[in-house]
Amino acid sequence: STFVIIRKSTLDDLVSIQELYQTVARISGGIARKEHEISEAYIHNFLSKSLANGCSMVAEEEGKVIAEVHTYSFGIECFTHLFGDTTICVHPEYQGKGLGRKVFSALLDYVMTERRDILRIELHARESNPKAIELYQKLGFQIEGRALGRVLDPDGSIVADVPMGWLNPNFNPA
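Conventions used here
Residues numbered from 1 in each chain as written. Predicted model: local features only at pLDDT ≥ 70, side-chain atom pairs only at ≥ 80, totals over all residues. Heavy atoms only, no water. Helix = DSSP H or I, 4+ residues; strand = E, 2+ residues; numbered from the N terminus. Rg over C-alpha atoms; globule rule 2.2 N^0.38 Å. Core = buried A, V, L, I, M, F, W, Y, C linked by side-chain atoms within 4.5 Å. Buried < 20%, exposed > 50% of the residue type's maximum accessible area, 1.4 Å probe, protein only. Contact = heavy atoms within 4.5 Å. Axes fitted to C-alpha atoms, helices over the stretch in contact; angles between N-to-C directions. Left-handed = near helix turned anticlockwise from the far one by under 90°. Nonpolar A, V, L, I, M, F, W, Y, C, P; charged D, E, K, R; others polar. Phe/Tyr/Trp six-rings, centres within 6.5 Å; stacked < 30°, edge-to-face > 60°. Pairing = 2+ DSSP bridges. Arc of directions from axis to C-beta.

Peer 1: Before we go on, may I ask you to explain the overall build of the protein chain in this structure?
Peer 2: Along the backbone of the protein chain there are four helices and eight strands. Ordered by position from the N terminus, the helices and strands of the protein chain form the series β-α-α-β-β-β-α-β-α-β-β-β. In terms of overall dimensions, the protein chain is globule-like: its C-alpha atoms have a radius of gyration of 16 Å, near the 16 Å expected for 174 residues. If you line up the protein chain on its principal axes, its C-alpha atoms span 45 × 40 × 30 Å.

Next comes the structure, spelled out in structure tokens:
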């Protein structure tokens, strides 16, 4: 049996993360982007922003990245206390086994211990993905509304986007 390592991402993970996202994108509805939208530039953009002022965590098994979660600062002064564009991606073979919860918990733990200057993490989940919403709620995110008609699902239907937020219990604006 193998074991999973959860660690902070580095730029060296770029290709592995891109492969993960492309694999997940092939299964419709998993992540917002379609496979052709997952360019090296897209991965490099969120990864470099997360490394500069945010956090990206990967779960790795036998050297293979099987999950990634990231969040980062928008770089706007009135939002210095928050991270957004939060996205999680779990390899199809590992979904439903608690891995997403584990890797996301590691990110929240990092924010609670190392980034006490961050009060809030925000994300959006499409209403047609109740499993994701349930996961985020278990992690402590609150549903903050419904953005009607926001997301075009792969099947052509247009669904509400559900904005959600998590507040850092250890927030301490030094």
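Peer 1: Can you walk me through the nonpolar core in this structure?
Peer 2: For soluble globular proteins, nonpolar side chains are generally found buried alongside one another. With 31 residues, the main nonpolar core has Phe104, Tyr136 and Phe141 as its most contacted residues. Those elements that provide at least two residues to this core are strand 2 (54-61), strand 3 (64-72), strand 4 (82-90), helix 3 (99-114), strand 5 (120-126), helix 4 (130-138) and strand 8 (158-167). For this core, the element with the highest residue contribution is helix 3, accounting for eight residues. What Phe104 contacts, discounting residues up to four positions off in sequence, is Val69, Thr86, Ile88, Leu123, Tyr136, Leu139 and Phe141. With 16 residues, the next largest nonpolar core counts Leu14, Tyr21, Val24 and Cys89 among its residues.

Peer 1: Can you help me understand the environment of Ile6 in this one?
Peer 2: Its place among the elements puts Ile6 in strand 1 (residues 4-8). Not counting residues within four places of it along the chain, the set of residues in contact with Ile6 comprises Val58, Ala59, Lys102, Val103 and Ala106.

Peer 1: Explain the packing of helix 1 (residues 14-26) against helix 2 (residues 40-53) to me, please; I cannot follow it from the model alone.
Peer 2: Two numbers describe a pair of packed helices, the interaxial angle and the distance between the axes. Where helix 1 contacts helix 2, the two axes come as close as 10 Å, and the packing angle between them is 115 degrees. Judged by the sense of rotation from one axis to the other, the crossing of helix 1 with helix 2 is right-handed. Contacts from Leu14, Ile17, Gln18 and Tyr21 of helix 1 reach helix 2 at Glu40, Tyr42, Ile43, His44, Phe46 and Leu47. By residue class, the composition of the contact of helix 1 with helix 2 is seven nonpolar, two polar and one charged.

Peer 1: Mind showing me how you'd approach the environment of Leu167 here?
Peer 2: With respect to the element layout, Leu167 can be found in strand 8. Look at Leu167 and you get exposed, because its relative accessible area is 52%. Taking the C-alpha atoms as reference points, Leu167 and Thr86, 81 residues apart in sequence, are found 14 Å from one another. In this structure Leu167 touches Leu119 and Arg120, once residues within four positions along its chain are discounted.

Peer 1: Help me out: how do you make sense of the packing of aromatic side chains in this one?
Peer 2: Given two aromatic rings, one states the distance between the centres and the angle between the planes to describe the pair. Scanning the entire structure with this criterion turns up seven aromatic pairs. Ring centres of Phe74 and Phe79 lie 6.1 Å apart, and the angle between their planes is 75 degrees; this geometry places the pair in the edge-to-face category. When its relative accessible area of 35% is taken as the criterion, Phe74 is described as partly exposed. Owing to a relative accessible area of 32%, Phe79 belongs among the partly exposed residues under this scheme.

Peer 1: Just to check I follow, could you spell out the pairing of strand 2 for this structure?
Peer 2: Consecutive side chains of a regular strand alternate in pointing toward one face of the sheet and then the other. The element strand 2 is largely enclosed, with a buried count of eight among its eight residues. Burial along strand 2 is two-sided: the face carrying Gly54, Ser56, Val58 and Glu60 and the face carrying Cys55, Met57, Ala59 and Glu61 are both buried. When strand 2 meets strand 3, the two strands line up antiparallel, connected through eight bridges. The residue of strand 3 that forms the bridge with Met57 is Val69. Adjacent in sequence and paired antiparallel, strand 2 and strand 3 are bridged by two residues, among which Glu62 carries a positive phi angle near 50 degrees.

Peer 1: Help me understand helix 4 in this model?
Peer 2: Turning to helix 4, its buried residues number three or more, namely Ala132, Ile133, Leu135 and Tyr136. One side of helix 4 holds all its buried residues, which, seen down the axis, span an arc of 160 degrees. For helix 4, the exposed residues set more than 90 degrees away from the buried face come down to Pro130 and Lys131. Buried residues along helix 4 sit against strand 4, helix 3, strand 5, strand 6 (142-143) and strand 8. The first or second residue beyond helix 4 is Gly140, which carries a positive phi of 105 degrees.

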